[in-house]
Amino acid sequence: QVQLVESGGGLVQAGGSLRLSCAASGRTFSIYAMGWFRQAPGKEREFVTAIDGRGGTTYYTDSVKGRFTISRDNVKNTVYLQMNSLKPEDTAVYYCAARRGVALSAVATEFGSWGQGTQVTVSS
């Protein structure tokens, strides 16, 4: 398993942008598909986006398409989530997760490693 540490969360006004980073330990980062999930207060954790091991294929939940972009740098062992045009409903704790294997997944139980989460708050 890999160890994951998120950073980049904070408070932003609606319409603003944030960039989250997730740094992974280990030397085999490229064999892991990576995902971002989020959990708002009183709600279940939900899938946001995922990227395959090579960074060539991505998948987004409908509510963030066109606003969020996932990317990865396999040299720096880091995955990023660029969030633009943020809305109050994007407010949540954001978690990055790693799934061994290059294929994409949107299923949280298929991800074996999780970061501690970073808070994103969007004010109206």
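Conventions and cut-offs
Residues numbered from 1 in each chain as written. Predicted model: local features only at pLDDT ≥ 70, side-chain atom pairs only at ≥ 80, totals over all residues. Heavy atoms only, no water. Helix = DSSP H or I, 4+ residues; strand = E, 2+ residues; numbered from the N terminus. Buried < 20%, exposed > 50% of the residue type's maximum accessible area, 1.4 Å probe, protein only. Salt bridge = Lys/Arg side-chain N within 4 Å of Asp/Glu carboxyl O. Pairing = 2+ DSSP bridges. Phe/Tyr/Trp six-rings, centres within 6.5 Å; stacked < 30°, edge-to-face > 60°. Core = buried A, V, L, I, M, F, W, Y, C linked by side-chain atoms within 4.5 Å. Contact = heavy atoms within 4.5 Å.

Some thoughts on the environment of K43
Then step 1. Mapped onto the elements of the fold, K43 is located in the loop between β4 (32-39) and β5 (46-51).
Then step 2. Given a relative accessible area of 57%, K43 falls into the exposed group.
Then step 3. Sequence separation between K43 and T61 is 18 residues; the distance between their C-alpha atoms is 16 Å.

Details of the pattern of salt bridges
Then step 1. Under the counting rule described, the total for this entry stands at 5 salt bridges.
Then step 2. A salt bridge links K65 to D62; the nearest nitrogen and oxygen atoms lie 3.0 Å apart.
Then step 3. A salt bridge links R67 to D90; its shortest N-O distance comes to 2.7 Å. Of the two residues, R67 sits in the loop between β6 (58-60) and β7 (68-73) while D90 sits in the loop between β8 (78-83) and β9 (92-100), which places them 23 residues apart along the sequence. One exposure class covers both R67 and D90, and it is buried.
Then step 4. Beyond isolated ion pairs, a larger network of salt bridges with shared partners links R38, E46, R67 and D90.

Focus: the pairing of strand β1 (residues 4-7)
Moving residue by residue along a regular strand, the side chains alternate between the two faces of the sheet.
Then step 1. In β1, alternate side chains face the same way, and those of L4 and E6 are buried while those of V5 and S7 on the opposite face are not.
Then step 2. For β1 and strand β3 (residues 18-24), the ladder comprises 4 bridges, and the chain directions are antiparallel. For L4, the partnering residue across the bridge sits in β3 and is A24.

Let's talk about the packing of aromatic side chains
Then step 1. Applying the stated criterion across every chain, the model contains 5 aromatic pairs.
Then step 2. Plain terms: the ring middles of F37 and F47 are 5.6 Å apart, the flat faces sit at 75° to each other, and that makes the pair edge-to-face. With a gap of 10 residues between them, F37 in strand β4 and F47 in strand β5 connect regions that are remote in the sequence.
Then step 3. Between the aromatic rings of F47 and Y59, the centroid separation amounts to 5.4 Å while the plane-to-plane angle is 25°, which identifies the pairing as stacked.

Regarding the nonpolar core
Then step 1. Residues L4, M34, W36, F68, V79, M83 and Y94 are the most contacted members of the largest nonpolar core, which totals 28 residues.
Then step 2. For this core, the elements supplying multiple residues, two or more each, are β3, β4, β5, β7, β8, β9 and β11 (118-123).
Then step 3. Those residues in contact with F68, other than ones at most four positions away along the chain, are R38, V48, Y60, L81, Q82, M83, N84, L86, D90 and Y94.
Then step 4. One finds F37, F47, A97 and F111 within the second-largest nonpolar core, a separate group that totals 5 residues.

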